[in-house]
Amino acid sequence: MSAPKKLFIKTYGCQMNVYDSERMAEALGEKGYVEAKTADDADMILLNTCHIREKAAEKIYSELGRFKGLKAAKPDLKIGVAGCVAQAEGQEIMRRQPMVDLVVGPQSYHRLPEMETKIRQGEKALDTDFPEEDKFEKLKSRPKAKRGPTAFLTVQEGCDKFCAFCVVPYTRGAEVSRPADRILTEARDLVERGVREITLLGQNVNAYHGAGENGDLTLAQLIWQLDKVDGLERIRFTTSHPNDMMDDLIEAHGTCTKLMPYLHLPVQSGSDKILKRMNRSHTAESYLRVVEKIRAARPDILLSGDFIVGFPEETEADFQATLDLIEEVNYGTAYSFKYSTRPGTPAAERPQVDDAEASERLQRLQALLSRQQREIQESMVGREVGVLLEKPGRLPGQMVGKSDYLHSVHVSDCNREVGDLARVRIMASSTNSLAGELIR
Ligand code: SAM
Ligand code: SF4
């Protein structure tokens, strides 16, 4: 019997890409591929790319350049580019890097096995369609091998919101929700394989409206169905748009015990002028009202956000409004970015903020967010939290997991198994994690 072929996937960007990489590995598993730990060891290398910020494509080209030596030493090595850069650049990738054998957009992963056959015959394969058929339907059901206790599950893809800075509607296409029964089957399969926590994914996950038995389901209704899956202990979802934060979902945060007290709710800016120019269709005030309702339903919820600083025409006063909003919300964690021009998006054509000014604002914003993150982490000391144990720690007897609030927790003297949900008392807080002890 010939040795299995080895596949190395390097994943960039969001959690959705992490999920997609898993599914691509599974699709190629059908063709006899097993995981390679490094690119050097692989028979096929796939870069699963992200196009959200500038220079992403350039980084991919230089990464590909680094594989030239490998390809020269191993002519049978196949190289592929997947994800949003593949979607946006298409044929251009093969023109600039002729050693690339395969380019596949995010909606065509189910066609990878056929594409692999083609490239093994020495041809090139390019597919950046938005096909009619559902890729999730075409991808085989997931393998049964045991796996770690946490998993991502994509329930919704694409976006119809067209924020003025964002490429997602162009690279991922229109908003589509998966039918509820497929999601439930996939969730049960994951639980059988050892998964205890599922994070539901979508670019606008709370706009979910997938078909159920009696009409379309909201995200909250889907969560309540998942709540009934025995063995599934925790449910999370990301990323949410403030305008789609419906009352039933807010309420579920107060009543569904499997739904974790953590919500990623990007706002981007605290200035109504900038929000309007971003085409965000919400105001700072309407965002704050949503936050207020969520806190009324679940007072201890930890909030996370996304911020863009230096958006075209952002003044110091607009920036100050963002700082004010952050002060008011008090975020447990956050992602913040300097505005990055994306060709083809409306904001790319507008007068840009001076780069040094934008960098300076980003620093001030991050200092404030770090302070809030530190204070919220410190406020956990002395509290009892649930921790899903994910792996052994570096110290003898120690295990590491995530708290209900998604903090990393190192649990000392922990004679439990990976996948156990432990009750832990938090004893100390350091920069990016907490330390705790089992409550026996
Ligand atoms: N759908 C989510 C939402 O509306 O909040 C987020 C999707 S996007 C993949 C993740 C984050 O990347 C955005 O929330 C935004 O903060 C950031 N982002 C997107 N385009 C950007 C750009 N051109 N420059 C800087 N940051 C950007
Ligand atoms: Fe991009 Fe999110 Fe806006 Fe959609 S809602 S365009 S994914 S930032």
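Here the structure is a predicted model, which is why all the values come from computation and not from measurement.

Caption draft 1: Summary view of the pattern of salt bridges. All told, the structure shown has 39 salt bridges when counted by the stated rule. Note that E197 and R236 form a salt bridge whose closest N and O atoms lie 3.0 Å from each other. With a gap of 39 residues between them, E197 in strand β10 (residues 197-201) and R236 in strand β13 (residues 234-238) connect regions that are remote in the sequence. Since its relative accessible area comes to 5%, E197 is described here as buried.

Caption draft 2: Fine view of the site of ligand 1. Taken together, 15 residues sit near ligand 1, with F165, Q203, Q268, D306 and S340 positioned nearest. F165 places a polar main-chain atom, nitrogen or oxygen, 3.0 Å from a nitrogen atom of ligand 1. S340 places a polar main-chain atom, nitrogen or oxygen, 2.8 Å from a nitrogen atom of ligand 1. For ligand 1, the accessible surface in isolation is 570 Å², of which the surrounding protein chains cover 90%.

Caption draft 3: A look at unusual backbone geometry. At the junction of T238 and T239, the peptide bond is cis and its omega measures out at 5° in the coordinates. Assignment of secondary structure puts T239 in the loop between β13 and α11 (247-255). For Q268, which is not glycine, the phi dihedral falls at a positive 80°. Structurally, the position occupied by Q268 is in the loop between β14 (262-264) and α12 (272-277).

Caption draft 4: Examining the UniProt feature "domain: Radical SAM core" (unreviewed entry) in the protein more closely. Per the UniProt entry, the sites bearing "domain: Radical SAM core" (unreviewed entry) are residues 145-375 in this numbering. Structurally, residues 145-375 comprises 39% helix and 17% strand, and the distance from its first C-alpha atom to its last is 41 Å.

Caption draft 5: Molecular detail of the state of the cysteines. For the structure on display, the rule yields zero disulfides. Here C84 stays free of any disulfide, with the sulfur of C50 as its closest cysteine sulfur at 6.5 Å. Residue classification places C84 among the buried residues on the basis of a relative accessible area of 9%.

Caption draft 6: Focus on helix α1 (residues 15-29). In this model, α1 (15 residues) spans 21 Å end to end at C-alpha, consistent with the 21 Å of a helix rising 1.5 Å per residue. Residues of α1 that are buried: M16, N17, Y19, D20, S21, R23, M24, E26, A27 and L28.

Caption draft 7: Region of interest: the UniProt feature "domain: TRAM" (unreviewed entry) in the protein. UniProt records the feature "domain: TRAM" (unreviewed entry) for residues 378-440 in the present numbering. With 2% helix and 52% strand, residues 378-440 has its two end C-alpha atoms placed 23 Å apart.

Caption draft 8: Examining the packing of aromatic side chains more closely. On inspection of all chains with the given rule, the structure shows four aromatic pairs. Ring centres of F307 and Y331 lie 5.2 Å apart, and the angle between their planes is 85°; on these two criteria the pair is classed as edge-to-face. With F307 in strand β15 (residues 302-309) and Y331 in the loop between α14 (316-329) and β16 (333-338), this residue pair connects regions lying 24 residues apart in the sequence. On the basis of relative accessible area, F307 is assigned to the buried category, the value being 0%. Between the aromatic rings of F311 and Y339, the centroid separation amounts to 5.3 Å while the plane-to-plane angle is 75°, which identifies the pairing as edge-to-face. Of this pair, F311 sits in the loop between β15 and α14 while Y339 is found in the loop between β16 and α15 (355-378), placing the two residues 28 residues apart along the sequence.

Caption draft 9: Representation of the pairing of strand β4 (residues 78-82). Counting buried residues along β4, five of its five residues qualify, which places the element largely inside the surrounding structure. Bridge count for strand β3 (residues 44-49) against β4 is five bridges, and the pairing is parallel. Looking at the pairing, L46 lines up with G80 of β4. Where β4 meets strand β5 (residues 102-104), three bridges bridge the pair, whose relative direction is parallel. Of the residues in β5, the one forming a bridge with G80 is L102.

Conventions adopted
- Residues numbered from 1 in each chain as written.
- Chains lettered and ligands numbered in written order.
- Predicted model: local features only at pLDDT ≥ 70, side-chain atom pairs only at ≥ 80, totals over all residues.
- Heavy atoms only, no water.
- Salt bridge = Lys/Arg side-chain N within 4 Å of Asp/Glu carboxyl O.
- Helix = DSSP H or I, 4+ residues; strand = E, 2+ residues; numbered from the N terminus.
- Buried < 20%, exposed > 50% of the residue type's maximum accessible area, 1.4 Å probe, protein only.
- Near = heavy atom within 4 Å.
- Polar contact = N/O pair within 3.5 Å; in protein donor to acceptor, adjacent residues only side chain to side chain.
- Areas by Shrake-Rupley, 256 points an atom, 1.4 Å probe, with all protein chains shown as cover.
- UniProt positions renumbered as here; feature names shortened; annotations may be inferred.
- Disulfide = S-S within 2.5 Å.
- Expected span 1.5 Å × (residues − 1).
- Phe/Tyr/Trp six-rings, centres within 6.5 Å; stacked < 30°, edge-to-face > 60°.
- Pairing = 2+ DSSP bridges.

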